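# Chains, contacts and geometry: an overview
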Amino acid sequence: MQILRSKFTLVLTVILLFKSFVFSQDPKQRAEENPLSTVFYLLSTTEKDSKEEEKACLATSLASVDRYAEIEDVAKMIEDGSYVDKNFVALTKDLIAKGKTKEASKHISFLIIKAGDDEELLQQFFKPLILLKRDDDAIEILKKFSDYKIDGAFEVIKIYLELGQTAKVLDIISNVENLIENSEYGVYKATLGYYYAKVDKQSEALRFLQSAMKTLVEKPEAPEFTKSEIIDLVVDTYRTLGKYKEADEILVKQGKSIKPETPKTLIETAEVNLANGNHAKADELIKQGLKQLNPKDYGDSFDLGRIIEFYLKLGEIEKAEQIAKSLSGSDYIQQKQLLNIADFHIKKKNNSKAFDILNFALEQTKKFDPTEKEDGRLWTSGKWKQAQYQSQIAIRLIDMQFDKQALDLISQIKKPYLRALTLNKFVTANKKRISSKKLSAYLKEALSLLGQKKKDIFDSRKFDVYAITARNFAEIGMVKESNQVFAETLSRLSKEMIESGTDSGLLFGMCSIGVEFDKSKIKPNKKLKESLGQIINSWENEKY
């Protein structure tokens with residue numbers, strides 16, 4: 001017993017000494033251990049109403065490397081009612097999507113308290129709360145609403161409709177039905193009628209539909225946009241109920257022409273039929289839509305892209321390929337859908353078919369003019385588009401282990417940072433297939449590309465790629481080189497930001513670098529700590 005007591009005392013002493021050491025460290029000294037900690041320290045010196053976007057960026061970066069405990073401390077650096085509050089709500093949704101429900105729930109509880117009585121902000125919490133199965137908390141928030149009670153209820157209804165929870169929709173409706181019935185606003189009545197139609201409550205839908213139409217007669221002086229909104233809702237309600245004749249009659253009475261259904265509405269209806277298992281009807285609607293679309297027209301390309309995705313869902317790959325190859329109205333849509341088709345083949349383990357599609361896509365990129373003068377706008381740059389698409393094609397070749405073809409294509413990419421990034425993708429994909437010595441050569445090539453003195457438009461993400469390269473060195477077992485690249489990257493970033501006079505660029509860049517450093521799981525060496533220390537000193541001396 002005496003021995004056990006002595007061991008326990010020793011362990012307790014060690015723990016207390018460790019805690020004493022950690023908490024006795026100067027905050028600046030702790031900040032020199034890690035780039036994200038440095039950003040936290042730098043932002044802690046700013047006012048609550050400044051650097052809000054940078055603080056939101058830091059919170060997102062911390063969440064991406066599982067440093068959840070620090071997110072609330074970042075949020076406390078921002079004034080209540082800030083425009084970046086929505087970023088923190090979005091962060092909660094990201095956590096839910098990643099399966100981090102415990103962290104998301106804790107985070108949203110903190111945000112609800114911070115929001116106070118801000119109804120516009122509280123309204124954004126409905127979906128995360130419902131996804132977290134905290135429906136009662138969502139309803140409690142809704143009960144507190146005054147000005148936005150009906151609007152808030154409609155937001156909750158939309159969420160439940162999206163989730164297919166009809167019973168919950170009816171519960172919410174029952175709480176606001178009387179309010180809407182007694183409201184002077186026809187838009188509320190028309191909206192509720194539409195929602196009743198969506199849950200197949202015909203008599204209730206028609207009652208509120210007629211009540212909405214009555215307000216137009218009672219208030220002929222209503223603004224034109226309000227009248228139009230009510231009419232549109234009434235027409236949509238009739239169509240949802242399958243009463244197409246009544247919908248057309250309303251349009252005629254309002255002096256509006258009855259147009260044939262647009263490709264967009266035909267595609268949307270087809271998707272609903274597909275979800276309900278009615279493949280024949282869905283296919284018929286898609287064929288009707290196709291007759292109205294021109295593959296050479298830019299605007300039509302977007303609907304044709306959706307049709308390609310529809311055929312991929314059906315597994316009708318030949319129809320999807322035929323449309324994708326005929327597209328010429330938008331190179332963006334064509335490339336996107338060709339890559340989707342290649343991904344379909346790759347998933348089916350049909351690499352030869354995927355290779356054929358990727359070759360076709362590559363041939364299309366050769367039609368762009370990479371010599372045209374760039375003026376700073378992405379859509380004017382043939383060089384940028386060509387590099388971007390070729391990078392995406394190369395990544396598919398890497399995934400299929402077509403090493404020679406992938407490396408040949410990468411060597412042709414004319415944007416340095418995209419070429420460097422794609423080389424990093426090659427290294428990441430081949431850590432278990434190719435030796436560290438061979439892979440390190442590609443990482444050194446990436447560093448050479450990033451270090452080019454000539455600045456190139458649209459290479460603003462070079463520091464992100466520097467950091468990815470540093471992480472990859474660590475992941476192939478070259479820790480010393482990793483530390484060195486991280487340190488040099490931070491020093492380069494600091495120097496460029498001092499020259500350009502932007503502390504925001506420094507903070508955003510360090511967030512990206514910090515994420516990669518945390519992912520590398522290496523300990524900082526002396527040189528890396530010195531780089532971080534110099535950044536802190538430059539910040540405190542207002543050099544940025």
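Reading guide: rules and limits
- Residues numbered from 1 in each chain as written.
- Predicted model: local features only at pLDDT ≥ 70, side-chain atom pairs only at ≥ 80, totals over all residues.
- Heavy atoms only, no water.
- Phe/Tyr/Trp six-rings, centres within 6.5 Å; stacked < 30°, edge-to-face > 60°.
- Helix = DSSP H or I, 4+ residues; strand = E, 2+ residues; numbered from the N terminus.
- Buried < 20%, exposed > 50% of the residue type's maximum accessible area, 1.4 Å probe, protein only.
- Lys NZ or Arg CZ within 6 Å of the ring centre and 35° of its normal.
- Axes fitted to C-alpha atoms, helices over the stretch in contact; angles between N-to-C directions.
- Parallel < 35°, antiparallel > 145°, perpendicular 65-115°, else oblique.
- Left-handed = near helix turned anticlockwise from the far one by under 90°.
- Contact = heavy atoms within 4.5 Å.
- Nonpolar A, V, L, I, M, F, W, Y, C, P; charged D, E, K, R; others polar.
- 1 Å grid on protein atoms, 1.4 Å probe; cavity = no way out; pocket = protein on both sides within 12 Å on 5 of 7 lines; lining within 4 Å.
- Points joined across faces, edges and corners; volume = space filled by probe spheres on them.
- Polar contact = N/O pair within 3.5 Å; in protein donor to acceptor, adjacent residues only side chain to side chain.
- Salt bridge = Lys/Arg side-chain N within 4 Å of Asp/Glu carboxyl O.
- Lys, Arg positive; Asp, Glu negative; His and termini not counted.
- Arc of directions from axis to C-beta.

### With respect to the packing of aromatic side chains
A complete count under the given rule lists 14 aromatic pairs for this structure. Ring geometry for Phe-154 against Tyr-188: centres 6.0 Å apart, planes inclined by 65°, an arrangement best described as edge-to-face. Taken as a pair, Phe-154 in helix H11 (residues 149–162) and Tyr-188 in helix H13 (residues 186–198) lie far apart in primary sequence, 34 residues in all. For Tyr-188, a relative accessible area of 18% gives the class buried. Among the aromatic residues, those joined into a cluster by ring pairs are Phe-154, Tyr-185, Tyr-188, Tyr-194 and Tyr-195. Sitting over the face of the ring of Phe-360, Lys-325 holds its NZ or CZ atom 5.4 Å from the ring centroid. Over the ring of Phe-368 we find Lys-385; its NZ or CZ atom is 5.1 Å from the centre of that ring.

### Things to note about the packing of H11 against H13
Orientation of H11 relative to H13, taken along the N-to-C sense of each, is 20°, at an axis distance of 12 Å. In terms of axis orientation, H11 runs roughly parallel to H13. For the element pair H11 and H13, the recorded crossing hand is left-handed. Listed contacts from H13 to Ile-150, Asp-151, Phe-154, Ile-157, Lys-158 and Leu-161 of H11 are Tyr-188, Thr-191, Leu-192, Tyr-195 and Lys-198. Across the contact of H11 with H13, the residue classes tally to seven nonpolar, one polar and three charged.

### Regarding empty space enclosed by the protein
Under the definition given, this model contains one cavity of 30 Å³ or more. Roughly 40 Å³ of internal volume is contained in the largest cavity. Forming the walls of the largest cavity are Asp-85, Val-89, Leu-111, Lys-114, Ala-115, Leu-121 and Phe-125. For the lining of the largest cavity, the elements supplying multiple residues, two or more each, are helix H6 (85–97) and helix H7 (101–115).

### Remarks on the side chain of Glu-374
Along the polypeptide, Glu-374 turns up in the loop between helix H22 (351–365) and helix H23 (382–399). Accessibility expressed as a relative area gives 16% for Glu-374, which makes it buried. Within polar-contact distance, the side chain of Glu-374 engages the side chain of Ser-381 at 2.5 Å. Of note is the side chain of Glu-374, whose polar atom sits 3.1 Å from the side chain of Lys-415.

### With respect to the pattern of salt bridges
Should the charged atoms of two oppositely charged side chains come close, the side chains can pair. Within the structure shown, the criterion is met by 32 salt bridges. Lys-114 serves as the salt-bridge partner of Asp-85, at 3.8 Å between the closest nitrogen and oxygen. With a gap of 29 residues between them, Asp-85 in helix H6 and Lys-114 in helix H7 connect regions that are remote in the sequence. Across the pair, exposure class does not vary: Asp-85 and Lys-114 are buried alike. Sharing partners across several salt bridges, the network here consists of Lys-431, Arg-471, Glu-475 and Glu-516.

### Describing the side chain of Glu-54
Along the chain, Glu-54 falls in helix H4 (residues 52–64). Although buried, Glu-54 forms no salt bridge, and the nearest oppositely charged side chain, Lys-51, lies 4.2 Å from it.

### Considerations on helix H20 (residues 317–326)
In an α-helix, one turn spans 3.6 residues, which is why side chains three or four residues apart end up on the same side. Where H20 is concerned, the buried positions are Ile-317, Ala-320, Glu-321, Ile-323 and Ala-324. The buried residues of H20 occupy an angular sector of 170° when projected down its axis, which confines them to one face. Exposed and oriented more than 90 degrees from the buried face of H20 are Glu-318 and Gln-322.

So far we have only geometry, and geometry alone does not tell us how the molecule works.
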